[in-house]
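Chain by chain, the residues:
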Amino acid sequence: MARLQTRFLCQNCGYESPRWLGKCPECDSWDTFTEEVVVKEKPGSLGKASAGGGGSSRTIVPSGGGLPTPITQVETTALNRLVTGIGEFDRVLGGGIVPGGLMLVGGDPGIGKSTLLTQVVHAVAKQAGPALYISGEESAQQIKIRSGRLGAETPDFLVSVETEIGIILHHLQSVRPCLAVIDSIQTMSDSELESAPGTVSQVRACATHLARFAKTVGVPVVLIGHVTKEGNLAGPRVLEHIVDTVLYFEGDRYHAYRLLRAAKNRF
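The following paragraphs examine the structure supplied in this document.

**Some thoughts on the packing of aromatic side chains**
The way to describe two aromatic rings as a pair is by their centre distance and the angle between their planes. Inspection of every chain in the model, using the stated rule, returns two aromatic pairs. Taking 6.3 Å as the distance between ring centres and 90° as the angle between the ring planes, the aromatic pair formed by Y15 and F33 counts as edge-to-face. One end of the pair, Y15, is in the loop between β1 (3-10) and β2 (16-17); the other, F33, is in strand β3 (residues 33-40), and 18 residues separate them in sequence. The interplanar angle of 35° and the centroid separation of 6.4 Å between the aromatic rings of Y133 and F157 together place this pair among those described as tilted. Placement of Y133 in strand β5 (residues 131-135) and of F157 in strand β6 (residues 157-161) is noted, with a sequence separation of 24 residues between them. Assigned by exposure class, Y133 and F157 land together as buried.

**Some thoughts on helix α3 (residues 140-150)**
Within α3, burial applies to I143, R146 and S147. Buried residues of α3, seen end-on, are gathered within an arc of 95° and therefore sit on one face of the element. In α3, the exposed residues that point more than 90 degrees away from the buried face are Q141, I145 and R149. On its buried face, α3 sits against α2 (113-127), β5 and β6.

Parameters at a glance
- Residues numbered from 1 in each chain as written.
- Predicted model: local features only at pLDDT ≥ 70, side-chain atom pairs only at ≥ 80, totals over all residues.
- Heavy atoms only, no water.
- Phe/Tyr/Trp six-rings, centres within 6.5 Å; stacked < 30°, edge-to-face > 60°.
- Helix = DSSP H or I, 4+ residues; strand = E, 2+ residues; numbered from the N terminus.
- Buried < 20%, exposed > 50% of the residue type's maximum accessible area, 1.4 Å probe, protein only.
- Arc of directions from axis to C-beta.
- Contact = heavy atoms within 4.5 Å.

Structural data, given as structure tokens:
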């Protein structure tokens, strides 16, 4: 059985401590440490955790690309990016979405993150095939209303309302969409962790599971993230180290123009 262990995590930067601290030595924030229970997996159990409740497995079969290979034998192929047709969005990404990439889009509440990604999912579904929009904040009816307002409706635009990461991974492996959007990463949870959704432990665990899926299967995944009152992504060091691309969606919600800025882009 898994061994339980407790530790204290800074909810601002993810710094870990075996005991409670009033001030975080990493980010200098006060009163941000909370105690969280950590599940220690047995050796060899990585990537084989139970989905919890649904009885499905999280095991992702490796494609073989992880085997040690001499650099001289590594074959390089042209990088076929997924072009959405939304010119400015593709340009910020360097020409389109990279297959197997994990992207984070952050911004203030109400700035238009969900609206932008709804348009992106529709554009991909129209030209490339099934695209999956997974929401932990809205109902399917609310997403339908928004897509109708935007004229973003097509049979390959798939919608799922779910927050449990095990069930989400099951849907992703079953559908194998051309693109998956998670709205938002702070609402997702791993049933094997006792901490609440949005905490550093949950955000890190869920993002890691999604990153493993994206890399092994080759499906690009976009995470929508909230920002703190200081203007930083919630759990910034935790998320920004895991994902390949970080985009900030900025601007005044009462004006017509928005700024999409790339803070990190491995591609």
